[in-house]
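# Per-entry structural report
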Amino acid sequence: MLYYYNVRKVITNTELAELLRDIAAAYKIKGEKKNRFRIIAYERAADAVEHLSSEAKDLWDEGKLMDVSGIGPSITAHLDELFKTGKSKHFDEVLKGLPPAMFELMKVPGIGAKTAYKLSKELGIAKAKNALRELKKSLRSGRVARIEGFGEISEQRLEKSIGEVKKGEKRLLLPYATLVADEVMKWLKKLNTGLEVHPLGSLRRKASTVGDVDLAISTKKPVEVLHHFVDYPRKLRKIEEGPSSASIMLPGNVQVDAMVSPPRSYGALLQHFTGSKHHNIALREHALKMGFSLNEKGIKNLKTKKMKNFETEVEFYEALGMEWIPPEIREDTGEIQAALNNKLPDLVDIKDIKGDLQIHSSFDIETSHDLGQNSMDEIAKRADELGYEYIAFTEHNPSQSGHNERSMIELLKRKREAVDKLNYSLVKTMKSLKKIFNSLEIDIMPNGELPVPETGFDYLDFALCSIHSSFRQNKKDMTNRVLNAFKHPKTRIFAHPTTRILNKREGVEFDWGVLFDFFKKSKKIVEINADPIRLDLPDILVREAVKFGVKMSLGTDTHYVTSMGNMVFGVSVARRGWAKKRDIINTYSLEEIEKILIQ
DNA sequence: GCCGTTTTCGGCCCGACTGTTTTCAGTCG
């Protein structure tokens, strides 16, 4: 019997990845040298599972588990048994004799397999339950420091990092990290306006959430620049200041790291610290086949032992025989092969965007959800400033309680008239804005019905539909719920599809194959919601949608005229999902988009 | 244990940091 997962429960990708990582850890403890690559194989399999766009269990159901790169015949056989019977004899065997507590202890930053095993043995902590609390006790009593290989410093370090386990892994939302980085970069440029500075890591790759804010600086005067950096006036404290890097802590526990490089090797530094880790691993494997070794200083020829520097990333990638790869898609999901073959997608760009397809104004149609804070006039003017050709007002549908059919229709009629009026008057005076669509964001009820009377639809150009309740339905019911809602010809856009809230709520589950197939055939649109707390569809599913040929729309879902600029974060998600201009309908001309949306 | 634009066998990314080891192992990104 395995020690931590319940055989009756469907195992999620996160749990499965954890299991595979635990097997790798078990091999580390038990294995001889020859197991080294088997350990890596299990860790890679765990990574692969974590990055899947559908549940591993579903892939297994469809017999497609072996298609996943990193999962081969052996692991497939074990998972086969696991999914069928709820356990794997092989995994049981590997884990046998190891204290379950060690896997719990491994959740502490700085504790890997070896340390966890040693601690649990030496301290006599065997059970997973309360393992962290037991460790804490031993730390306090000074027992840990007396174990061979440990000292007072490791005791203090562990005490500190054990506290970080429970704090949760709240990561910065992309716009906030962007803002922090922009302000620090502005400060850096006060020293020297010509200074070249770039964000690094997940921030440069525009991931939805960011851990630390890392910056790269190209300079010949590293000491002076780093000294200016740690003088940043809004810092809480300086963490460290060395010859090539420095770190400061800002309010809200936001750590900012700066790394400097001489201009001649700046391209290599930028590439190295932009990652992702998986992209770099794959890139180094490719380089090795060419007889090169890569690091943050440049490219080393393994025969001549000579190191070549690169001022720019473009030259760096060129030297490896490929096009420059946009940071957003550096995730080792096929971009290297595409770059080698000159087949990188021409990703959609913020400049291509001609309109915003989800906006909430303050026009009161008595909804039970939030109203927007600004008038239709204010929003239209802002849209014109942004150079948009069209926008859609998508207030929530009138609440069901307190409205009968007639009063709902009356409200929808009034909104139609207000939008018409704007189109006939205000819009005529504008530079770029040509059309305001009259739309509505309609709740999809648990059974897939829509709480708007049939004649109410006549007043709409088109409708967005989205889920705002009953998030816990099972996958099949959820899928049918959406299919049912989109039977109506006026329902065109599926808004914030997974309903996820970053750092707070997981998205709901659908059978995406079925949904995308339906959306493709019926020419309906899936939204990429640009609200930074949602960024939904998530990038991985955007990639799937692109593969299916499903078109997507961008909407800021804004309730404030000041947040209309969030569009740029939606574009980042689209880019991370390999979306090209034609995949996103907001890049279409007014004439084209009318054909798609108005039925 | 996995994988393939030199391979179905023979390889498998790179380096920094940390602590305690007097020469390196473990962890991390």
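First things first, this report covers the structure right here in the doc.

The rules behind each value
- Residues numbered from 1 in each chain as written.
- Chains lettered and ligands numbered in written order.
- Predicted model: local features only at pLDDT ≥ 70, side-chain atom pairs only at ≥ 80, totals over all residues.
- Heavy atoms only, no water.
- Helix = DSSP H or I, 4+ residues; strand = E, 2+ residues; numbered from the N terminus.
- Rg over C-alpha atoms; globule rule 2.2 N^0.38 Å.
- Contact = heavy atoms within 4.5 Å.
- Areas by Shrake-Rupley, 256 points an atom, 1.4 Å probe, with all protein chains shown as cover.
- Buried < 20%, exposed > 50% of the residue type's maximum accessible area, 1.4 Å probe, protein only.
- Pairing = 2+ DSSP bridges.
- Axes fitted to C-alpha atoms, helices over the stretch in contact; angles between N-to-C directions.
- Near = heavy atom within 4 Å.
- Polar contact = N/O pair within 3.5 Å; in protein donor to acceptor, adjacent residues only side chain to side chain.
- Nonpolar A, V, L, I, M, F, W, Y, C, P; charged D, E, K, R; others polar.

### A short note on the overall build of chain A
Counting secondary structure elements, chain A contains 23 helices and 18 strands. Computed over its C-alpha atoms, the radius of gyration of chain A comes to 27 Å, within 12% of the 25 Å expected for a compact globule of 599 residues. With respect to the principal axes defined by its C-alpha atoms, chain A has extents near 80 × 65 × 50 Å. Expressed as a percentage of contacts within chain A between residues at least 6 apart in sequence, the contacts between residues at least 24 apart total 67%. Accessible area for chain A stands at about 29,100 Å²; split by element, carbon and sulfur atoms hold 50% of it.

### Section: helix H19 (residues 475-485)
What H19 keeps buried is the set Met 478, Thr 479, Arg 481, Val 482, Leu 483 and Ala 485. Where H19 is buried, its residues meet strand S16 (491-494) and helix H20 (512-522).

### Focus on the environment of Ser 138
Considering the arrangement of structural elements, one finds Ser 138 in helix H8 (residues 131-140). Taking the C-alpha atoms as reference, Ser 138 lies 32 Å from Leu 236; in sequence the two are 98 residues apart. If we skip the residues at most four places from it in the chain, Ser 138 touches Leu 123, Arg 143 and Val 144.

### Quick look at the sheet that holds strand S12 (residues 390-393)
Within the open sheet, the three strands sit side by side as S11-S12-S13. Their pairing is parallel. The two strands at the open ends of the sheet, each matched to only one other strand, are strand S11 (355-359) and strand S13 (435-438). Recorded for the sheet is a direction-independent mean angle of 15 degrees between the axes of neighbouring strands. The pairing of S11 with S12 spans three bridges and is classified as parallel. Note on S12: the bridge partner recorded for Asp 356 is Ile 391. Taken strand by strand, helix H18 (residues 405-424) contacts S12 and S13, and its axis lies near 175 degrees from that of S13.

### Quick look at the protein's contact with DNA strand B
In the vicinity of DNA strand B, 36 residues are found, and the nearest of them are Gly 70, Gly 110, Gly 151, Arg 284 and Glu 285. Put simply, 75% of the atoms of DNA strand B that lie within 4 Å of the protein are in sugar or phosphate. Residue Gly 72 places a main-chain N or O atom 2.7 Å away from a phosphate oxygen belonging to DNA strand B. Residue Ser 74 places a main-chain N or O atom 3.2 Å away from a phosphate oxygen belonging to DNA strand B. For the surface near DNA strand B, the secondary-structure elements that each account for two or more residues are helix H2 (36-50), helix H4 (73-85), helix H7 (113-123), helix H9 (152-166), helix H14 (277-289) and strand S8 (292-295). Its residues placed into classes, the surface near DNA strand B shows 16 nonpolar, 14 polar and six charged.

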